[in-house]
Amino acid sequence: MANLADPHLLYQKSVQSPDHDIPFLAGYFEEYTKQPLRYFREDFCGTALLSSYFVTQHPDNHALGIDLDWPTLNWGIKHNGSLLTLDQQRRLTLVNDNVLHVHHPLSQLTVAMNFSYMVFRDRPTLLQYFTNAKRSLQPGGLFVLDIWGGSETQVEQEEHRDIDNSDDDGIGDFVFVWDQDVFEPSTYFCRTRIHFIFRDGSELRDAFVYDWRLWTIPEVMELMKEAGFADVHLLWEGLDPDTHEGTGTYHRAEKGDSDPSWIAYVIGQNPK
Ligand SMILES: C[S@@+](CC[C@H](N)C(=O)[O-])C[C@H]1O[C@@H](n2cnc3c(N)ncnc32)[C@H](O)[C@@H]1O
């Protein structure tokens, strides 16, 4: 099964949900700006799953996806872009380039999901990225990134998660493994790996490997302000008072809870 499996497909099934993410992101944008979202930019788009979904949601929706890795982007064109109608394809632009170097067309909302900006491991480069993200937005536009932290993110450990897969692809259900292989306290360098384990016991090791810096919320918020973003703020997950589990819904907050592993969103606005 490990030989049969397609790592990009397994990745999409494990960590991406455009039918949840796009309504959440567009809903937040529309509530915040009181404008419909029609121009969406997905930095580090990988297989462009979010962008491909966005253009299906309204006949005037346009998406720009940018990724440095041609084989990944090309997989997205073949497997996600090809499912779109000709009109939807016309409204989807995919660019094989560095996110630091793409400034146009201006978007209303730019997102950097699944912690991809952590690839920039020093302050000058992250500031350069945020500065470019700001200048690539329309006046009043929003920039949203997700951030991951908590004490468990600094522990070298593996987390296994069962993934339901009802597709008729010969793979069936599988296990997604998030391997926090290295955490280096002096630099906050972290290396994370993704492996997959299948029903027949076979494994796809190191399907994806990320060399990242584990940035903290205050560092990211300070750099976004330095880049010129206004109203830099945080969305934190709600907590169910009975189960003490996350509710899966995010709200603007000044403070978070000291959870051992959390995901939050940091948002800034390009001044009008
Ligand atoms: C963790 S994956 C994220 C994919 C997708 N955005 C998601 O949410 O799952 C990171 C992606 O960033 C791309 N990448 C890394 N550095 C980049 C850069 N400087 N400019 C554009 N893309 C980059 C990689 O090729 C990879 O596809």
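Being a predicted model, the structure only gives us computed values, none of them experimental.

### With respect to the site of the ligand
Neighbouring the ligand are 16 residues; Phe44, Gly46, Asp69, Met113 and Asn114 lie closest to it. The residue makeup of the shell around the ligand, split by class, is eight nonpolar, six polar and two charged.

### Considerations on the nonpolar core
Phe54, Leu109, Tyr117, Tyr129, Phe130, Met224 and Val266 are the most contacted members of the largest nonpolar core, which has 51 residues in total. Of all the elements, strand β5 (residues 137-149) adds the most residues to this core, at five residues. Contact partners of Val266, with chain neighbours within four places excluded, come to Leu145, Ile147, Ile217, Val220, Met221, Met224, Val232 and Leu234. Listed in part, the eight residues of the second largest apolar core include Tyr11, Ile171, Phe174 and Ala207.

### Remarks on the environment of Leu4
Tracing the backbone shows Leu4 in the segment before α1 (7-15). Remark: the alpha-carbon pair of Leu4 and Asp169, spanning 165 residues in sequence, is separated by 9.3 Å. Not counting residues up to four positions away in its chain, the partners in contact with Leu4 are Gly170 and Ile171.

The rules behind each value
Residues numbered from 1 in each chain as written. Predicted model: local features only at pLDDT ≥ 70, side-chain atom pairs only at ≥ 80, totals over all residues. Near = placed C-beta within 6 Å. Nonpolar A, V, L, I, M, F, W, Y, C, P; charged D, E, K, R; others polar. Core = buried A, V, L, I, M, F, W, Y, C linked by C-beta atoms within 7 Å. Buried ≥ 20, exposed ≤ 12 C-beta atoms within 10 Å, placed from the backbone. Helix = DSSP H or I, 4+ residues; strand = E, 2+ residues; numbered from the N terminus. Contact = placed C-beta atoms within 7 Å.

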